[in-house]
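Each chain, written out:
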Amino acid sequence: MTRTNGEVSKELLFDDNQISSALYGDLNRNLQIIENSSGVKISARGTSLCIKGINHDVDIAANLLSQLYELIGKGYPVYSSDFAFGMRILESTPGARLDKIFLDKVYVTTQNRVISPKTRNQKIYIDAIRNHDIVFGIGPAGTGKTYLAVAMAVSALAMGQVKSIILTRPAVEAGEKLGFLPGDLAQKVNPYLRPLHDALNDMVGSERCEDYIEQGIIEIAPLAFMRGRTLSNAFIILDEAQNTTREQMKMFLTRIGFDSRAVVTGDSTQVDLPNKNQSGLLEARNRLKSIDGISFCSFSKADVVRHPLVQKIIQAYETKAS
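Think of each chain on its own: its residues are numbered from 1, step by step along the sequence as written. Residues qualify for local features only when their pLDDT is at least 70, as the model is predicted, and side-chain atom pairs are given and counted only at 80 or more; totals for whole chains, interfaces and linings, by contrast, use all residues. Values reported for side chains reflect all heavy atoms of the structure, with hydrogen atoms and water molecules removed beforehand.

*Asks:* Hey, could you run me through a negative patch on the surface in this one?
*Replies:* Patch criteria: residues need more than 30% relative accessible area and no salt bridge. Like-charged residues are merged within 9 Å; nonpolar side chains of Val, Leu, Ile, Met, Phe, Trp and Tyr are merged within 5 Å. Areas reported as accessible are Shrake-Rupley estimates using a 1.4 Å probe. Residue values count occlusion only from the protein chains shown. Criterion for a salt bridge: a side-chain nitrogen of Lys or Arg within 4 Å of a carboxyl oxygen of Asp or Glu. Positive residues here are Lys and Arg, negative ones are Asp and Glu, while His and the chain termini are left out of the count. The atoms used to mark charge sites are NZ of Lys, CZ of Arg, CG of Asp and CD of Glu. Among the surface-exposed residues, E207, E210, D211 and E214 lie close enough to one another that they form a single negatively charged patch. Segments assigned H or I by DSSP are reported as helices when at least four residues long, segments assigned E as strands when at least two residues long, and all are numbered from the N terminus. Its place among the elements puts E214 in helix α9 (residues 206-215).

Here is the structure:
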């Protein structure tokens, strides 16, 4: 490492030209992502990289590139988004090992895309789902709460751990009053269940998804349809749980039968009930947090894995107007 005018420079030399090319990306696009995220300047010449900037930023960029180089060498298909996610992880925890997070393969989609956690909290969430019968994932939009839960459900079905997947959510935020909407019942509830359809289609493909639904292997239904049932040998996901009432949450949690697991997801900042204090999710967090077998996982804006602007939007809404 050398120092010039308050800046430092560090050189990295990689052994494999093919791996380093994959690391750099087309037209060095991945290196540009790091430059935009950290403020460092990176110049590439063959398998050699020179990173210049403030000492702390250079260390993080070098650490990130070295770890992602190793991941590619292990067969992990590094995506451009992984550079931003990895930078975020190492900025908060410089000693973090990215392979412990990114190599935790949850599911491989029909498009051959690997679904894996992209933040430390996502990794904690995945491990909690594996080790607990009921898991609550609570946090802002875009943190992967529902998507990862669906991926875990599809994985459990593929491995024969469950016989069915049941996805549910409050059909209308404030009490499931569907009468004013046009069409039959299916047409009324479909817009509210569309995000669950989208996640499934992304993972198993639309044709297989429809086949599973026709066979009853996958069920997507409004929460009101869960009343009176016992859900055994199933992976059950309750989405948008912040908009359940106390009674609805109790009803849902008491549906769970033998050999089943449940994941409840929601955003405590987006309660649409007339009385926000009546949210079943908020009460469950207070009442059930000390029960063995139930895990509560929290996400923050740092876990947002959508477009980079989403994190900034959440930050803007969290900041009080001056």
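So that's the structure; there's more coming.
*Asks:* Before we go on, may I ask you to explain the pattern of salt bridges in this structure?
*Replies:* A side chain of one charge can pair with a side chain of the opposite charge when the charged atoms of the two come close. Counted according to the given criterion, the structure contains 15 salt bridges. For R229, the salt bridge identified is with E219, shortest N-O distance 2.7 Å. Linking R229 in the loop between β9 (218-222) and β10 (234-238) with E219 in strand β9, this pair joins segments that are 10 residues apart in sequence. Among the residues examined, R229 registers a relative accessible area of 27% and is labelled partly exposed. Residue classification places E219 among the partly exposed residues on the basis of a relative accessible area of 23%. For the salt bridge of R246 with E283, the shortest nitrogen-to-oxygen distance reads 3.1 Å. Here E283 lies in helix α11 (residues 280-288) and R246 lies in helix α10 (residues 246-253), a separation of 37 residues in the sequence. Exposure categories follow from relative accessible area, calculated using a 1.4 Å probe and restricted to protein chains: below 20% of the type maximum is buried, above 50% is exposed, and the middle band is partly exposed. According to the relative accessible area criterion, R246 is partly exposed, its value standing at 37%. Under the relative-accessibility criterion, E283 is labelled partly exposed at 23%. Several salt bridges share partner residues, and in doing so they unite E70, K74, R97 and D99 into one network.

*Asks:* Please clarify how the confidence of the model for the protein should be interpreted in this entry.
*Replies:* Close inspection of predicted coordinates is inappropriate for parts of the model with low pLDDT. On average, the protein scores 87 in pLDDT, and the residues at 70 or more come to 89%. On a range of 0 to 100, pLDDT expresses the predictor's confidence in each residue. By mean pLDDT, strand β1 (residues 2-4) is the weakest element of the protein at 60, and strand β7 (residues 134-138) is the strongest at 97.

*Asks:* In this structure, what is going on with the sheet that holds strand β12 (residues 294-298)? I would like to understand it.
*Replies:* Adjacent strands of a sheet pair through backbone hydrogen bonds, lying either parallel or antiparallel. For two strands to pair, DSSP has to find at least two bridges joining them. Spatial strand order, β9-β8-β10-β11-β7-β12: six strands in an open sheet with parallel pairing. Of all the strands in the sheet, just β9 and β12 have a single pairing partner and so form its edges. Each strand axis lies, on average, 15° off the axis of its neighbour in the sheet, ignoring direction. Here β10 runs beside strand β11 (residues 261-266); their pairing, made up of four bridges, is parallel. Its bridge partner being in β11, L238 is matched across the sheet by V264. For this analysis, residues touch if any pair of their heavy atoms sits within 4.5 Å. Fitted lines through C-alpha atoms give the axes, limited to the stretch in contact for helices. The angle between two N-to-C directions lies from 0 to 180 degrees. Helix α7 (residues 145-158) contacts β7, β8 (164-169), β10 and β11 of the sheet and is inclined by roughly 170° relative to β10. Seen against the sheet, α10 touches β7, β8, β10 and β11 and runs at an angle of roughly 155° to β11.

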